[in-house]
Amino acid sequence: MKEIFSYVGGQFLPGPRTFSKRSPVDNSLVALVHEADEHVVNLAVSAAREARQDWEEWDRIDRADLLDRLASAILERADDLALAEVADIGRSKSEVLAAHVARTVETFRLYATLLRTESNDAWQGRALSPNIPRNQAPQTLAYTSRRPLGVVAIIAPWNVPLLLLALNLAPALAAGNCVIAKPSEHSPSSAALLAEILHEAGLPLGVFNVVHGFGANSTGAILAAHPGIDGFGFTGEGRSATAIMKSAAEGLRPVLFELGGKNAGLVFADADLDKAAQACATAAFANSGQVCLSMERLFVERSVFDAFVSKLVENANRHTLGPLISQDHRSHVHEAVKRARQAGGQCIIGGEIPEGDGAYYPATILTGLPDDAELSRKETFGPIVHVAPFDSEAEAIARANDTEFGLASMVWTNDLSRAHRTAAALKAGINWVNCWQVRDFITPLQGHGRSGVGVQGGRESLEFYSQVTTTVVSL
Ligand code: NAD
């Protein structure tokens, strides 16, 4: 039986207890995972703090070269990484290769490039001082430089395990931090393999550490409370983020949070309905809806509502859905659908648990719910989409914005002015016009409202993982 150990200072360490990671496809045992307790977390923080000084002193070009080598090493083991994620989360190998592993390689390469091309800000001119008369103010050169935060914790979710770890890991390493990663208890395998890969590729020992375990009352909470952590990159649910933020408040440590959404897509009557329906089905059902950027609410102009819904159903039927992450998550999704039906929602397709062992759930399309229904407001993180008609642009925008979240939105229209106008009015970190989930990681992404804290993406992530110093030279 495969066993998964924590990776601390270059060594694979057992924990005092193990837990079973089971497959969502057939409930078979994937691995026994050693849960890191306080002792193991302490060792990881010590190893990271020890490695810190040398790593901080690396020249940025050397660090960029190393990031490129890490990217190549990840690419060489792409198949193994994909198989590890397939076993943990049940997504197809081709999707995992393209959506998780290839984009992880891309992320490491992006941060290597950003490091090589990094520049600081500088200002030259007369600078005022309270101690010197204005007409005698000196000419100065002021410039910025950056240093790492120190030792950071990266706490990752299970839905796109490797990539969502890498989106924090690559910039944290690029900025010169040592990292302690905690993958989700539902998806430990790819992070465990990544530790091996980065070790073999020559990342200095202690710079990257992995501790396995659960969140609350376990490894995650121990890590969040540890005073030796200087900052947090977290991707996951709002409730977990609140707990981490409370711990981070002790010591005033910075956080970067990428959280959930209840994303809305607007489809106007002038849109290409075939393309819109195809993209909306993908936006609702890819990875069985377990994507933070999924569209769980669609608003469709009334004159094309019926036509659109039948095209959406046709497209939904073309999707082969993998399992949800666990039986528990499936129950949670199904209970939400049952309550939606009780609240007046009609299931056009789906909504029933299929026979068999795996945690499967069908593509489910609902209509008829009021905007204040639970399913209209709370993320299901499953293959569930609600479709509602609207009569005017202003109404569609207001209803889409009527949410405490603000991660992503989507607009389908062939009217250029409306596209820009609507996108600007939608309260979301990323607005897609006539497309979905098209993103270069050099662009920033900030969850508005309860969808996040801070900005993730190219330079913005480098800035989060570092601290700026301004030096002023009197000329
Ligand atoms: P989760 O919050 O349950 O778990 C995420 C990680 O946090 C896991 O490693 C978990 O063990 C840990 N954790 C949980 N409670 C903790 C605590 N009290 N202290 C420390 N660590 C703790 O989220 P999940 O179920 O793994 O992921 C699904 C959620 O993530 C959804 O809400 C989804 O929308 C969101 N998400 C957001 C993005 C984004 O970029 N905005 C991306 C993917 C997923």
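Worth saying up front: this structure is predicted, and the values here are computed from it rather than measured.

## Let's talk about the overall build of the protein chain
When helices and strands are tallied, the protein chain shows 15 helices and 21 strands. Taken over the C-alpha trace, the protein chain has a radius of gyration of 24 Å; the compact-globule value for 475 residues is 23 Å, and the two agree within 12%. Considered along the principal axes of its C-alpha atoms, the protein chain spans approximately 70 × 70 × 40 Å. Here the protein chain, with 475 residues, has 53% of them falling under the buried criterion. Taking as baseline every contact in the protein chain between residues at least 6 positions apart, the subset at least 24 positions apart corresponds to 72%. Distance between charge centres in the protein chain, computed from 42 positive and 54 negative side chains, equals 4 Å.

## What to know about the nonpolar core
Residues Phe108, Leu173 and Phe208 are the most contacted members of the largest nonpolar core, which totals 83 residues. The greatest single-element share of this core, amounting to eleven residues, is contributed by helix α5 (residues 161–174). Once residues lying within four places of it in the same chain are set aside, the contact partners of Phe108 are Leu67, Leu70, Ala71, Ile74, Ala166, Leu169, Ala170 and Leu173.

## Side note on the packing of helix α9 (residues 273–285) against helix α10 (residues 305–318)
In contact at an axis separation of 8 Å, α9 and α10 are set at 55 degrees when each is read in the N-to-C sense. Taken together, the axis directions place α9 and α10 in an arrangement best described as oblique. Note that α9 runs across α10; the crossing there is right-handed. Of α10, the residues touching α9 (which contributes Leu273, Asp274, Ala276, Ala277, Gln278, Cys280, Ala281 and Phe285) are Ala307, Phe308, Lys311, Leu312, Asn315 and Ala316. Taken together, the residues of the contact of α9 with α10 sort by class into ten nonpolar, two polar and two charged.

## Section: the sheet that holds strand β17 (residues 384–390)
Taken in spatial order, the seven strands make up an open sheet running β15-β16-β17-β14-β13-β18-β19, and their pairing is mixed. Among the strands making up the open sheet, the edge pair consists of β15 (346–349) and β19 (430–433). Averaged over all adjacent pairs, the angle separating strand axes in this sheet is 25 degrees, with direction ignored. Helix α13 (residues 393–401) rests against β13 (263–267), β14 (295–301) and β17 of the sheet, and its axis sits at about 150 degrees to β17. Against the sheet, helix α14 (residues 416–425) makes contact with β13, β18 (408–412) and β19, and its axis sits at roughly 160 degrees relative to β19, the strand it touches most.

## Topic: the UniProt feature "domain: Aldehyde dehydrogenase" (unreviewed entry) in the protein chain
Listed under "domain: Aldehyde dehydrogenase" (unreviewed entry) in the UniProt record, and renumbered for this structure, are residues 17–470. The span residues 17–470 carries 42% helix and 20% strand; its end-to-end C-alpha distance comes to 48 Å.

## Brief notes about the pattern of salt bridges
Applying the stated criterion across every chain yields a total of 26 salt bridges. Among the salt bridges present, the one from Arg450 reaches Glu404, with a minimum N-O distance of 3.8 Å. Of this pair, Arg450 sits in the loop between β19 and β20 (452–453) while Glu404 sits in the loop between α13 and β18, placing them 46 residues apart in sequence. Taken together, the shared-partner salt bridges connect Asp65, Asp68, Arg109 and Arg116 into one network.

## With respect to the site of the ligand
In the vicinity of the ligand lie 29 residues, with Ala156, Glu185, Ser240, Leu259 and Glu379 positioned nearest. The contact in question runs from an oxygen atom of the ligand to an N or O atom on the side chain of Glu185, over 2.7 Å. Between Gly215 and the ligand, the recorded distance is 3.3 Å, taken from a backbone N or O atom to an oxygen atom. Elements with a contribution of two residues or more to the shell around the ligand: α7 (219–225), β11 (231–235) and α8 (238–249). Looking at which element gives the most residues to the shell around the ligand, the answer is α8, with three residues. Partitioning the shell around the ligand into residue classes produces 16 nonpolar, eight polar and five charged.

## Here we look at the pairing of β13
With five of five residues buried, β13 lies mostly within the body of the structure. Side chains of β13 alternate between two faces, with Asn263, Gly265 and Val267 and Ala264 and Leu266 buried alike. One ladder, built from five bridges, connects β13 with β14; its direction is parallel. By the bridge assignment for β14, Asn263 is matched with Met295. Considered for its hand, the β-α-β crossover made up of β13, α9 and β14 is right-handed.

## Some remarks on the UniProt feature "active site" (unreviewed entry) in the protein chain
As annotated in UniProt, the feature "active site" (unreviewed entry) corresponds to Glu258 in the numbering used here. Residue position: Glu258 is located in strand β12 (residues 255–258).

## Side note on α9
Along its 13 residues, α9 runs 18 Å from first to last C-alpha, staying within 8% of the 18 Å computed at 1.5 Å per residue. Where α9 is buried, its residues touch β13, β14, α10, β16 (364–367), β17 and β18. Capping the start of α9, Asp272 holds a side-chain oxygen 3.2 Å from the backbone nitrogen of Asp274, two or three residues further along. Looking one or two residues beyond α9, the residue adopting positive phi is Asn287, at roughly 50 degrees.

## Let's talk about the environment of Arg302
Tracing the backbone through its elements, the reader meets Arg302 in the loop between β14 and α10. In contact with Arg302, not counting residues within four places along its chain, are Pro389, Phe390 and Asp391.

## What to know about a nonpolar patch on the surface
A contiguous nonpolar patch, built from Tyr143, Val473 and Leu475 and spanning about 260 Å² of accessible area, is present on the exposed surface. Within the fold, Val473 resides in strand β21 (residues 466–474).

## Side note on the sheet that holds strand β1 (residues 3–4)
The sheet built from three strands is open, its strands ordered β1-β5-β4 with mixed pairing. Among the strands making up the open sheet, the edge pair consists of β1 and β4 (17–22). Looking at chain direction, β1 and strand β5 (residues 29–35) are connected through two bridges and run parallel. Bridged to Ile4 within β5 is Val33.

Each value, and the rule that gives it
- Residues numbered from 1 in each chain as written.
- Predicted model: local features only at pLDDT ≥ 70, side-chain atom pairs only at ≥ 80, totals over all residues.
- Heavy atoms only, no water.
- Helix = DSSP H or I, 4+ residues; strand = E, 2+ residues; numbered from the N terminus.
- Rg over C-alpha atoms; globule rule 2.2 N^0.38 Å.
- Buried < 20%, exposed > 50% of the residue type's maximum accessible area, 1.4 Å probe, protein only.
- Contact = heavy atoms within 4.5 Å.
- Lys, Arg positive; Asp, Glu negative; His and termini not counted.
- Charge placed at Lys NZ, Arg CZ, Asp CG, Glu CD.
- Core = buried A, V, L, I, M, F, W, Y, C linked by side-chain atoms within 4.5 Å.
- Axes fitted to C-alpha atoms, helices over the stretch in contact; angles between N-to-C directions.
- Parallel < 35°, antiparallel > 145°, perpendicular 65-115°, else oblique.
- Left-handed = near helix turned anticlockwise from the far one by under 90°.
- Nonpolar A, V, L, I, M, F, W, Y, C, P; charged D, E, K, R; others polar.
- Pairing = 2+ DSSP bridges.
- UniProt positions renumbered as here; feature names shortened; annotations may be inferred.
- Salt bridge = Lys/Arg side-chain N within 4 Å of Asp/Glu carboxyl O.
- Near = heavy atom within 4 Å.
- Polar contact = N/O pair within 3.5 Å; in protein donor to acceptor, adjacent residues only side chain to side chain.
- Right-handed = clockwise from strand over helix to strand, strands pointing away.
- Expected span 1.5 Å × (residues − 1).
- Patch = residues over 30% accessible without salt bridge, like charges linked within 9 Å, V, L, I, M, F, W, Y side chains within 5 Å.
- Areas by Shrake-Rupley, 256 points an atom, 1.4 Å probe, with all protein chains shown as cover.

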